[in-house]
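Here is how the chains run, residue by residue.
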Amino acid sequence: MSQRDFDISTLDRIDRTDLPADGGEAFNRLIFSDSPYLRQHASNPVDWYPWSAEAFAKAAAEDKPVFLSIGYSTCHWCHVMAAESFANQAVAELLNAGFVAIKVDREERPDIDNLYMNACQLMTGSGGWPLTLLLTPDQQPFFAATYLPPRGRSGRFGLSELLQRVDSLWRGQRDELLRSGAELTRTLQALDSSPAAEITPSEQPLRRALNDYRQTFDPQAGGFGTAPKFPTPHNLSLLLRLSQRLAAPDAGRMACATLDAIRAGGVYDQVGFGLHRYAVDAGWRIPHFEKMLYDQALFMLAALDAWQTTGDPDYAAMVSDTADYLLRDLLTDQGAFSAGEDADSAGEEGSFYLWTPAELHNLLGRPQAELFGHCYGIDNAGQLAGKSVPRQMAPWAELAAQTGLELATLRAHLDSARQTLHSARLDRPRPARDDKVIVAWNGLAITALARCGVALARRDWIETAAGAARFLQDKLVDRNGRLRRYFRRTATDIPGFVDDYAALAWGLFELHQADFRDEDLAASCHWAEQTLLLFGEAGDLYDSGHDSEALISRSRTLVDGAVPSAGAVLTGLLLRLADLTGEQRFAAAGQTLLAKRLGHAERQPTAHAQLLLALDHHLGPSQQLTMRTATRERAEPLLATVYQRFLPRLVVRIEHRAGTDPRREDARTGQPAVTASLCADRVCLPEVTTPRDLATLLDRLTMSPVSSS
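Everything numeric in this text was worked out from a predicted model, so none of it was measured.

Trainee: Hey, could you go over the overall build of the protein chain for me, with residue numbers and the actual values?
Mentor: Secondary structure assignment for the protein chain yields 26 helices and 20 strands. The globule rule puts the C-alpha radius of gyration for 709 residues at 27 Å, and the 27 Å found for the protein chain is close to it. Per-residue burial for the protein chain yields a buried fraction of 59% across its 709 residues. Contacts spanning at least 24 positions in sequence make up 67% of the contacts within the protein chain whose residues lie at least 6 apart.

What follows is the structure, given as structure tokens:
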């Protein structure tokens, strides 16, 4: 059995009591891990340890350096390095003889990953996964790289040469390695502890961000910069807010053009839906095929913003298509969401997603196959070993003109063909699913499903979000009230990190804004306060809690990556909680975090998109809408009026009252079934009772200039 075809479900059925303490001859000690990524390496000849005091004690006792490898289960190049090197007996012998080898799942331990990724970027100027480091027995890094082949090629040194060279240096010239490790550790500690100058919030970072986006935007293909291109949907959400605040329509056009290019490209799964991790080319044609939960959630949020801004139903369809994938393929039996799906299947990257004209003809028949192949670029040349990644070859109107079909007819034909292909694709070997239920990423999914569900009248999405929130709070909170990092078969003993707390609090807030249950708002407030207590220090937030394992440096994630910075997420949430509840403690904490982090954002604003979303909210004008009604259901028509509009600074509250009639004014009280009171920038307007009157008030908000200059 090859490394990439290794069956984790088989390992799950192994009784640990049947194995000796070291894992036995067939397995190393990673067999005892709940992490799918670590268990993928359980049959390596490498004498792997998980991150543990035992491993570092062994390194100290045997006077050996530590070989640290960090990756995750859906990472293609992690699989490649595993198959080439860690399954290689000769490489394993070098590792086992001269090093203590430690394997870390970055999704399980983001604190370790953040720390040593920072070290890699300092040493090499770049980073990525698999992440490869050499450490002293006291955890200080002195070498870093990413993917390494087993032997040098094309001017790149290999893992075998590295291991032999470092083993020689460790025994003969160790002082230089130790000095390098100590210097790098001091640099990391200084970076993690040094504050930026606090600055007064203003529009300046927003204007600088817009200027940076303008300079890096790709007008031909959408997106920013050159290959590879990452979706980073939180940047698109920021652009839509900049368009509104700064009266900059080109910002909105950049966001919408990028969403359109992503949805039409090979980076989006045109057959089964869902967003792949990134495109390896500038035109979004060829993806890196893994699918991650957080990408789906953030893409839904950005597409919803675009729909609310433009009213274009294609953006609502983007939301719906992505939600279909989310609920169909990532939802677990427990009602929460898996971390993602692998890039590889049947030993090859992307094979699950590729097509040939012959396959289309066999499944669809000639006319439909030719139509689908023309519209989605399936030809004999292909892009990957003669096979094609489906992508929409032209805008819909242009395709309709090319094919001579009415647009609605064309889309109906293509969707019918797509469904046939999707059904047939289910018979192919499927990419492995990483079934860890990670709290942080589930918080983002809850956020997306709740916000999109109320806007698009999808009650099932809201109920799914509520079920996931219940699961997290029922299964992943220990007896002391401490949130755990993830669930897989059972809750891990790894305590939750700042992103888990902040994202869960955010998801519960959005769930309250969709369903208006008091318990969701109370839970959001609780987890926000716990985030400040566990991770806060001197007004800022650190990645790990005060009660977590001490590493050589306690890191702060200041910039957004594939997911938004947790500190930025919490900043925006605290400001919205303050608007909704009137609690000054939330406002004060949010404003402090904003001031602490804006100094970093001023230097590189587009790397802090989520924080700039919070800044936009802080600059206002703040907007609160209060509805008074007996039941939420009676408020549905007015709520639909609210959520069809792009009102990113609006919070909604419902005050329940008795004695109202949903069809007419109550004869006894003279009260209408629902009243709505809108307050904007501390000025409250007269109550309205109909969707039409509410729409008039809300449209004034969206048309009024926001910028203060």
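Picking up after the structure, the text goes on.
Trainee: Tell me about the sheet that holds strand β12 (residues 437-438), and name the residues and values.
Mentor: Adjacent strands of a sheet form backbone hydrogen bonds with each other and so pair up, either parallel or antiparallel. In spatial order, the strands read β12-β13-β14; together these three strands make up an open sheet with antiparallel pairing. The open sheet terminates on both sides in strands that have one partner only, identified here as β12 and β14 (490-491). In this structure, β12 lies alongside strand β13 (residues 486-488), joined through two bridges in antiparallel fashion. Opposite Ile-438, over in β13, you have Tyr-486 as the bridge partner.

Trainee: Report on the confidence of the model for the protein chain, specifying residues and quantitative values.
Mentor: Overall, the predicted model of the protein chain reaches an average pLDDT of 91, with 93% of residues at or above 70. Low confidence marks residues 13-24, where pLDDT is under 50. Its contacts with residues over four positions away, or in another chain, come to 19 contacts. Segment residues 660-667 is flagged for pLDDT under 50; beyond a separation of four residues in sequence, or across chains, it makes 18 contacts in the model.

Trainee: I'd love a proper account of the packing of helix α11 (residues 249-264) against helix α12 (residues 293-310), names of residues and values included.
Mentor: The contact between α11 and α12 brings their axes to 11 Å, and the two run at 125°. With respect to their mutual orientation, α11 and α12 come out oblique. Crossing hand, α11 versus α12: left-handed. Where α11 abuts α12, its residues Cys-256, Leu-259 and Ile-262 lie against Phe-299, Ala-302, Ala-303, Ala-306 and Thr-310.

Trainee: Give a detailed account of the sheet that holds strand β5 (residues 141-145), specifying residues and quantitative values.
Mentor: Spatially, β1-β3-β2-β4-β5 is the arrangement adopted by the five strands of the open sheet, whose pairing is mixed. Only two strands of the sheet have a single partner each, and these edge strands are β1 (49-50) and β5. Sheet contacts for helix α7 (residues 159-172): β2 (66-71), β4 (131-135) and β5; angle to β5, the most-contacted strand, approximately 170°.

Trainee: Go over the nonpolar core with me, naming the residues and quoting the values.
Mentor: Ranked by size, the top nonpolar core spans 142 residues in total, and within it Leu-239, Leu-242, Leu-625, Met-627, Val-642 and Leu-694 carry the most contacts. Counting residues in each nonpolar core, the second largest holds 34 residues, with Tyr-72, Ala-82, Val-91 and Leu-177 among its members.

Trainee: Run through the state of the cysteines, naming residues and quoting values.
Mentor: Within the structure shown, the criterion is met by two disulfides. Here Cys-679 connects covalently by a disulfide to Cys-684, the sulfurs 2.0 Å from one another. Between Cys-679 and Cys-684 the disulfide shows an S-S torsion of about 100°. By sign, it is right-handed. By relative accessible area, which is 13% here, Cys-679 ends up buried. Taken in sequence order, the bonded cysteines of the protein chain link in the pattern 1-2, 3-4. Here Cys-452 is not disulfide-linked; the sulfur of Cys-256 is the nearest cysteine sulfur, at 15 Å. Take Cys-525: it sits in no disulfide, and the sulfur closest to it among the cysteines is that of Cys-679, at 19 Å.

Trainee: Any chance you could break down unusual backbone geometry for me, citing the residues and the numbers?
Mentor: With an omega of 5°, the peptide bond between Trp-129 and Pro-130 qualifies as cis. Of note, the amide linkage connecting Gly-620 to Pro-621 takes the cis form, showing an omega dihedral of 5°. Its location among the elements puts Pro-621 in the loop between α24 (609-619) and β17 (623-629). Notably, Arg-489 is not glycine yet its phi reads approximately 70°, a positive angle. Structurally, Arg-489 can be placed in the loop between β13 and β14. On the basis of relative accessibility, which here comes to 43%, the residue Arg-489 falls in the partly exposed class.

Trainee: For the pairing of β2, give the residues involved together with the corresponding values.
Mentor: Most of β2 is tucked away: six of the six residues are buried. Burial along β2 is two-sided: Val-66, Leu-68 and Ile-70 facing one way and Phe-67, Ser-69 and Gly-71 facing the other are all buried. The pairing of β2 with strand β3 (residues 100-105) spans six bridges and is parallel. In the sheet register, Ser-69 faces β3, and the bridge partner there is Lys-103. Where β2 and β4 come together, five bridges link them in antiparallel fashion. Bridging across to β4, Ile-70 finds its partner in Leu-131.

Trainee: A description of the pattern of salt bridges should follow, citing residues and the corresponding values.
Mentor: Any two side chains of opposite charge can pair, so long as their charged atoms come close to each other. Under the definition given, this model contains 54 salt bridges. The salt bridge involving Arg-328 is made with Asp-329; its shortest N-O contact spans 2.9 Å. Its relative accessible area of 35% is what places Arg-328 among the partly exposed residues. The buried category is assigned to Asp-329, whose relative accessible area is 12%.

Trainee: I'd love a proper account of the pairing of β4, names of residues and values included.
Mentor: Where burial is concerned, most of β4 is hidden: five out of the five residues are buried. Here β4 shows no split at all, with Leu-131, Leu-133 and Leu-135 on one side and Thr-132 and Leu-134 on the other all buried. Here β4 pairs with β5 via four bridges, running antiparallel. Across the sheet, residue Leu-133 finds its bridge partner in β5, namely Ala-144. Connecting β4 to the antiparallel partner β5 that follows it, the hairpin turn spans five residues, and Gln-139 within it adopts a positive phi of roughly 75°.

Cut-offs applied
- Residues numbered from 1 in each chain as written.
- Predicted model: local features only at pLDDT ≥ 70, side-chain atom pairs only at ≥ 80, totals over all residues.
- Heavy atoms only, no water.
- Helix = DSSP H or I, 4+ residues; strand = E, 2+ residues; numbered from the N terminus.
- Rg over C-alpha atoms; globule rule 2.2 N^0.38 Å.
- Buried < 20%, exposed > 50% of the residue type's maximum accessible area, 1.4 Å probe, protein only.
- Contact = heavy atoms within 4.5 Å.
- Pairing = 2+ DSSP bridges.
- pLDDT = per-residue confidence, 0-100.
- Axes fitted to C-alpha atoms, helices over the stretch in contact; angles between N-to-C directions.
- Parallel < 35°, antiparallel > 145°, perpendicular 65-115°, else oblique.
- Left-handed = near helix turned anticlockwise from the far one by under 90°.
- Core = buried A, V, L, I, M, F, W, Y, C linked by side-chain atoms within 4.5 Å.
- Disulfide = S-S within 2.5 Å.
- Salt bridge = Lys/Arg side-chain N within 4 Å of Asp/Glu carboxyl O.

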